[in-house]
Amino acid sequence: MKTYEEINEKIKQGKAVVVTADEVCELADAEGIKAVADKVDVVTTATFGPMCSSGVFLNFGHADPPIKMDKIWLNDVPAYQGLAAVDTYLGATAASETEGIQYGGGHVIEDLLSGKTIRLEAEGYKTDCYPAERVTVQITLDSINQATLLNPRNAYQNYAAATNSSPRTLHTYMGTLLPRLGNVAYSTSGQLNPLINDPEYRTIGFGTKIFLGGGIGYVLGEGTQHNPNQLRAANKVPLSSAATLMLMGDLKQMNARYLRGATIKQYGVSLMVGVGIPIPVLDEGIAESVSIRDKDIYTTIYDYSIQKLSRPTYGRASYQELRSGSVQINGNAVPTNPVSSLFMAREIAAILKDWIRRGEFFLVEPIRLLSRDTRFKPLPQKDTAASQKDSVKS
Amino acid sequence: MNTVTRRVILTFPPNLVEDTAIYHLIKDYDLIVNILRAKIIPKEIGRIVLELRGKLDNIKKGLSYVESKGIEVKSLAQDIQLNEDKCVSCGMCLAVCHQKALTLNAVTWKIEFNRDDCVLCEQCVSVCPLKVIQVSF
Ligand code: SF4
Ligand code: SF4
């Protein structure tokens, strides 16, 4: 048994043993779980891929004469206006009013971070405090007061894989799905995925300090659509999309390599986000979960051509099978492709490991762990007035 | 008349993939034909990237002959460029690259582009979410 304090003391002295979630699997194979529990202090996990539920809170500072911004655009991308006079939230998926989904919130975030100048246009209504009705200025990340990345749902614990049985090509948030089971797209980083390494949320929670977008961030708690009740395998790893995280960090100290505006063909704008989470190996139970390998992590393959909430499935596949380049469906080998980057996830896990080893990054013990009993509900079916009308018709 | 060089892409509809058009370009129009890339699978759409050398007049006549047979001719002064510094190796482009010109290295998980297998179908260009694949002229 180790405590956060003991591990942080070791980090301070430069004695902490830190390995990535890939490396810990090799150690477990070679020396067993007990050796992992004894030797390893921290395991670094990571993921990098499109995470639509992302965005940034901005405070622009006041204009002279002041304006209460009631309509806001950043490079023609609309931002939310229902906050105080010069505060806004820019969502990653908001599309440009002039260029459509070719440019959007995700791109504005990346451009801000790359030091580019962004055109801010705002309209307001006259009040005694705020006489100005219109402003157009150029802003940069340095010129504004705050830029806080706040992502309501990131870092899914596992995610369903997608295929398409219909005769037509589908363009989805899982990328292109070719007709007649032409491919299977999958998205998590498997054995490197943060919440898969902490399947029962024993270490990740409100306050956990993380790598976010190349800088420091924090876990605020469960993300939206958090679904801890997902069906699980015997090793406790969920068999499809399960828990999620809400993340926050100061954009000003992030790095544009790890936050990338993306346009998913015929689907929309998104933001590729790099997340790295350290997991303290407090006991043998945690040593066991961080040592779970791709071959023992399964996800469910759903048919995206059925546009219903409960889609038919084509069974399950392990990440080892998915990574092999093809999976068997109905006796045929169907090619697979990822939609998130293992290459970048590995890079992030290695960077976080390096930060901790060099004594630049300490672990924060969460003040509240993630909920394990939240129910995940669909939208209620039709409103009562509408269903009454329907029943009259029929 | 001087000898000139032109690069073209011929797209064969499935019923014509076993056609003899190239033979006629050489024989009847006196052209030197260099096949730069080819992907032909019986009963599927086939693509051939050709370099033609000969008299301009013969190239033009030869290509209209090819077109008259129902084979699509596109002039080619372009190439696929992958910006490796900006690519994140997400793998989304793999779904549409039937030629497997784009692959993920199974050890490094970094994307690799093999120009020799590319038939310039341009499917990957609009699929790449970061727009790091471009057609250069
Ligand atoms: S889709 Fe674009 S960013 Fe992703 S691997 Fe292909 S070229 Fe790279
Ligand atoms: S253009 Fe793109 S998709 Fe088409 S063969 Fe070349 S690399 Fe593959």
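In what follows, the structure referred to is the one given above.
Here, residues in each chain are numbered from 1, in the same order as that chain's written sequence. Each chain takes a letter, starting from A, and each ligand takes a number, starting from 1, following the order in which they are written. Local features are withheld for residues below a pLDDT of 70 in this predicted model, meaning they are given only at 70 or higher, and side-chain atom pairs are given and counted only at 80 or more; totals for whole chains, interfaces and linings count all residues. To get the side-chain values, take all heavy atoms of the structure and skip hydrogens and water.

### Quick notes on the layout of surface pockets
Computed from the structure, the largest pocket encloses a volume of approximately 1,200 Å³. Mapped by element, the contributors of at least two residues to the lining of the largest pocket are strand S2 (42-50) and strand S11 (146-154) of chain A. Broken down by element, the residue count for the lining of the largest pocket peaks at four residues, all from S2(A). Class assignment of the residues belonging to the lining of the largest pocket gives a composition of 19 nonpolar, 15 polar and four charged. Of the grid points, spaced at 1 Å and generated over the protein atoms alone, those admitting a 1.4 Å probe that cannot get out make up cavities, while open sets with protein on both sides within 12 Å along at least five of seven lines make up pockets; any residue with an atom within 4 Å of a point is treated as lining. Grid points are joined across faces, edges and corners, and a volume is the space filled by probe spheres set on the points. Approximately 810 Å³ is the volume found for the second largest pocket. Around the second largest pocket sit 34 residues that line it, and B:Leu94, B:Cys97, B:His98, B:Gln99 and B:Lys100 are the ones nearest its centre. By the criteria applied, helices consist of DSSP H or I runs no shorter than four residues and strands consist of E runs no shorter than two, each listed in order from the N terminus. Elements supplying a minimum of two residues to the lining of the second largest pocket: helix H7 (319-323) and strand S25 (332-338) of chain A together with strand S3 (46-55) and strand S6 (102-104) of chain B. Here the element with the most residues in the lining of the second largest pocket is S25(A); it accounts for four residues. Basically, the charged four are Asp, Glu, Lys and Arg, the nonpolar ten are Ala, Val, Leu, Ile, Met, Phe, Trp, Tyr, Cys and Pro, and anything else, Gly included, counts as polar. Taken together, the residues that form the lining of the second largest pocket break down as 17 nonpolar, twelve polar and five charged.

### Observations concerning helix H4 (residues 105-113) of chain A
Residue pairs spaced three or four apart in an α-helix point in one direction, given the helix's 3.6 residues per turn. Of all nine residues that make up H4(A), nine are buried, and the element is covered over most of its length. Relative accessibility decides the category of a residue: with a 1.4 Å probe and only protein chains considered, values under 20% of the type maximum give buried, values over 50% give exposed, and everything between is partly exposed. Taken as a whole, H4(A) has its buried residues at A:Gly105, A:Gly106, A:His107, A:Val108, A:Ile109, A:Glu110, A:Asp111, A:Leu112 and A:Leu113.

### Quick look at helix H1 (residues 21-29) of chain B
Residue and element names in this part refer to chain B. Listed in full, the buried residues belonging to H1 are Ala21, Ile22, Leu25 and Tyr29. The arc that holds the buried residues of H1, viewed along the axis, is 110°, so those residues lie on one side. In this analysis, two residues are considered to be in contact whenever any of their non-hydrogen atoms come within 4.5 Å of each other. Buried residues along H1 sit in contact with strand S2 (32-39), S3 and helix H2 (56-68). The first or second residue beyond H1 is Asp30, which carries a positive phi of 55°. Taken from the helix axis, the directions to the C-beta atoms give the arc we talk about.

### What about the packing of aromatic side chains?
Only centres within 6.5 Å qualify two rings of Phe, Tyr or Trp (six-membered ring in Trp) as a pair; their planes then separate them into stacked at under 30 degrees, edge-to-face at over 60, and tilted for everything else. In the structure shown here, the tally under the stated rule is ten aromatic pairs over all chains. Taken together, the ring pairs connect A:Tyr156, A:Tyr159, A:Tyr173, A:Tyr267 and A:Tyr304 into an aromatic cluster. The ring of A:Tyr304 carries the charged tip of A:Arg311 above its face, separated from the ring centre by 4.1 Å. Note on geometry: a ring has a charge over it if NZ (lysine) or CZ (arginine) is within 6 Å of the ring centre and within 35 degrees of the ring normal. Across the ring face of B:Trp109, the terminal group of A:Arg323 is positioned such that the distance to the ring centre comes to 4.8 Å.

### Section: the sheet that holds strand S9 (residues 118-124) of chain A
Residues and elements named next belong to chain A. Only strands that DSSP links by at least two bridges are regarded as paired with each other. Read from one edge to the other, the open sheet built from four strands follows the order S5-S4-S9-S10, with strand pairing classed as antiparallel. Only two strands of the sheet have a single partner each, and these edge strands are strand S5 (77-79) and strand S10 (134-139). Between one strand axis and the next, the sheet turns through 25° on average, direction left out of account. Sheet analysis places strand S4 (residues 69-74) next to S5, joined by three bridges and oriented antiparallel. Pairing of Ile72 across the sheet is with Ala79, part of S5. Its contacts with the sheet place H4 against S4, S5, S9 and S10, and it is angled at close to 125° to S9. Axis lines are fitted to C-alpha atoms, over the contacting stretch for helices. Their N-to-C directions set the angle, which ranges from 0 to 180 degrees.

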